[in-house]
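# Report on the structure
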Amino acid sequence: MPYPNEFASGESLPGLTTSRSVLEFQGAIHVKDANEQHDLPDCVNPDRSHDRITRVVAIDGSIVPTSVRNGYPGAEAALMLIAAVVLDLKAIKNPAPKWIPRPSEIRQLEDCDTIDAVLPGCNVSERERPGDSPSRFFRRTIYQTLKGSVEKDHESLLDTLTAITTNRPPQKIACPVEDCDERIIPPIGDAICPCFRKETIYQTDVLGIHERFNESGANGQVYTLAQQVTEQLTLVNILRYCEQADNPEFIRDTAFIMDGPLAVFGSAAWLHTWIQQEVKRIHCKYADKGYPGVLLIGVEKTGNFVEHLNRLDWSERDGPRQALNNGIALAPTMEYINRHIVHRPPNSNDFGRQTYYGRKILYKNRNGQHSVITTPIINESGVDKNCIDIDAFPRLGEILDIMDELSTYLYEDGFAPLVRAHAHAAIPLKSGAEILRRLFSKS
Ligand SMILES: [Zn+2]
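A few points on the structure. (Residues numbered from 1 in each chain as written. Predicted model: local features only at pLDDT ≥ 70, side-chain atom pairs only at ≥ 80, totals over all residues. Heavy atoms only, no water.)

A surface patch of negative charge is lined by E380, D384, D389 and D391. Summarising the element assignment, D391 is placed in the loop between α12 (380-383) and α13 (396-405). Residue D391 is classed as partly exposed on the basis of its relative accessible area, which comes to 39%. (Patch = residues over 30% accessible without salt bridge, like charges linked within 9 Å, V, L, I, M, F, W, Y side chains within 5 Å. Areas by Shrake-Rupley, 256 points an atom, 1.4 Å probe, with all protein chains shown as cover. Salt bridge = Lys/Arg side-chain N within 4 Å of Asp/Glu carboxyl O. Lys, Arg positive; Asp, Glu negative; His and termini not counted. Charge placed at Lys NZ, Arg CZ, Asp CG, Glu CD. Helix = DSSP H or I, 4+ residues; strand = E, 2+ residues; numbered from the N terminus. Buried < 20%, exposed > 50% of the residue type's maximum accessible area, 1.4 Å probe, protein only.)

Here you go:
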């Protein structure tokens, strides 16, 4: 390990490339044939131009770590912001033809609501609690953050978690105290471990976000997991609000967009099963009544799937973004993904089984921009990862239209800058904002 401020110098590099171990390693690894010609994933061609979507609810978070001056080395905390941004598409579409809105103009059309919390990191504890530890402070903060609600008089994120996991068989978790061997069923709310420390166990401990809490260093991964779980619960919370408001037209006319895939990773990955069930339940409830169901997408602008799409669109003769036609939507099967994107033996389980509640589409939009989108799994076609029937991807035609229409918003500006732009107007979760109610009163 280098000393602080000691960086690898150029001199060490030739040594590395001639090292015998490195040469042996390079000789031993499987190398994908760069010239390998293989078929593209199959195209999907859903009906387009439904033109029904009038608003977008985009959920997006950001984490800003910062150092804390409390006399302890490396003390840090992170500001977590989760925003639900509501975008009125009618207002964007209606001005003069060919008007391309600038992000600054789009911002004025939006409502935005945020959840914010300061997540403590290493070497930070609460003054009012003698004997407190940073990891306990962190666990308590996660619990209190999720106890807040996005909408006044609506359930909290913790209530959402309780509601969607009621049918999960109880799973014991370890008491977080190092020298306690008790395993306890996580409570609804909080409870005291019978151990000699009388440790408080929080309902949110079941998410395991604290498990990788680093007491002596940076906690970037832990913050990211907290952000992701909060974003996912916010989505479900808002969907449940729309359902309880009993306004099927609102759900029909709204696109829900998540920044990132429809998946939950790390110690909270088990949650993906329950989110999938809840999204499916709400989708089917409206589909059974003759409505089109929930339009939900996860959008990725970076990552291995996006990189793979870039490669497919590379033309030897003409360069990048010249091989595929604009407007093409490709649906990779499980076999294709295992073979070309997430390197796995051909007969292995499907990629994302433990984490994803959606299916991937690689899309080159009308303007030639690349994105990878996930649509929720709401039926048997979606469950079968080798099935690429159109009904495996609910409301795909409208989704692709949205991806064409929102390209300025989604690609050039991205989500996170929007959240930052709104940070000055952020409404803390605990005060209970009324954005959704205001929205219904407008529609
Ligand atoms: Zn204990």
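There is more to say, and it comes next.
To continue, consider the coordination of the zinc ion. Within the first shell, the zinc ion binds the protein through C175 (SG), C180 (SG), C193 (SG) and C195 (SG), at distances of 2.2 to 2.4 Å. Coordination at the zinc ion is tetrahedral: its four donor atoms span angles of 98 to 134 degrees at the metal. All donors to the zinc ion come from one chain, and their sequence spacing reads C-x4-C-x12-C-x1-C. Taken together, the residues C175 in the loop between β5 (173-174) and β6 (183-184) and C195 in the loop between β7 (190-192) and β8 (200-202) connect sequence positions 20 residues apart. A relative accessible area of 5% means that C175 is categorised as buried. A relative accessible area of 6% means that C195 is categorised as buried. (Donors = N, O, S within 2.8 Å, 3.2 Å for Na, K, Ca; no water. Tetrahedral: all angles 85-135°; square planar, octahedral: opposite > 155°, others 65-115°.)

As a further point, take the packing of helix α7 (residues 220-244) against helix α9 (residues 271-288). Contact geometry for α7 and α9: axes closest at 11 Å, N-to-C directions at 20 degrees. The orientation of α7 relative to α9 falls into the category roughly parallel. The handedness of the crossing between α7 and α9 is left-handed. Residues V229, Q232, L233, V236, L239, R240, C242 and E243 of α7 form the contact with α9, whose participating residues are L271, I275, E278, V279, R281, I282, K285 and Y286. Here the contact of α7 with α9 is composed, by residue class, of ten nonpolar, one polar and five charged. (Axes fitted to C-alpha atoms, helices over the stretch in contact; angles between N-to-C directions. Parallel < 35°, antiparallel > 145°, perpendicular 65-115°, else oblique. Left-handed = near helix turned anticlockwise from the far one by under 90°. Contact = heavy atoms within 4.5 Å. Nonpolar A, V, L, I, M, F, W, Y, C, P; charged D, E, K, R; others polar.)

Before going further, it helps to spend a moment on the packing of helix α6 (residues 157-164) against α7. Between α6 and α7, whose axes approach to 9 Å, the crossing angle comes to 80 degrees. As summarised for this structure, α6 and α7 are arranged roughly perpendicular, according to the angle between their axes. On the side of α6, the interface is formed by L157, T160, L161, A163 and I164, while α7 contributes T230, L233, T234, V236, N237 and R240. Each residue belonging to the contact of α6 with α7 can be placed in one class, and the counts come to six nonpolar, four polar and one charged.

Quick look at the side chain of D404 now. For D404, the position within the fold is in helix α13. Polar contacts involving the side chain of D404 include one to the side chain of R48, which spans 2.7 Å. Sequence-distant contacts of D404, that is, excluding residues within four places in its chain, are made with R48, Y363, N365, R366 and N367. (Polar contact = N/O pair within 3.5 Å; in protein donor to acceptor, adjacent residues only side chain to side chain.)

The next thing to look at is the nonpolar core. Residues L207, I209, V229, F256, L271 and L296 are the most contacted members of the largest nonpolar core, which totals 59 residues. Looking at this core, the element that brings in the most residues is α7, giving eleven residues. In contact with L207, not counting residues within four places along its chain, are L146, L161, V229, S267, A268, W270 and L271. Residues L87, I257, I373 and I402 belong to the second largest nonpolar core, which totals 25 residues. (Core = buried A, V, L, I, M, F, W, Y, C linked by side-chain atoms within 4.5 Å.)

Before going further, it helps to spend a moment on unusual backbone geometry. One non-glycine residue with positive phi stands out, namely N123, at about 65 degrees. Here N123 lies in the loop between β4 (110-120) and α5 (134-146). Unusually for a residue other than glycine, D246 sits at a positive phi of about 55 degrees. Checked against the element boundaries, D246 lands in the loop between α7 and α8 (248-253).

Attention now moves to the environment of I399. Counting through the fold element by element, I399 comes out in helix α13. As a C-alpha pair, I399 and I257 span 142 residues in sequence and 9.8 Å in three-dimensional space. Once residues lying within four places of it in the same chain are set aside, the contact partners of I399 are L295, L296, I297, I373, T375 and P394.

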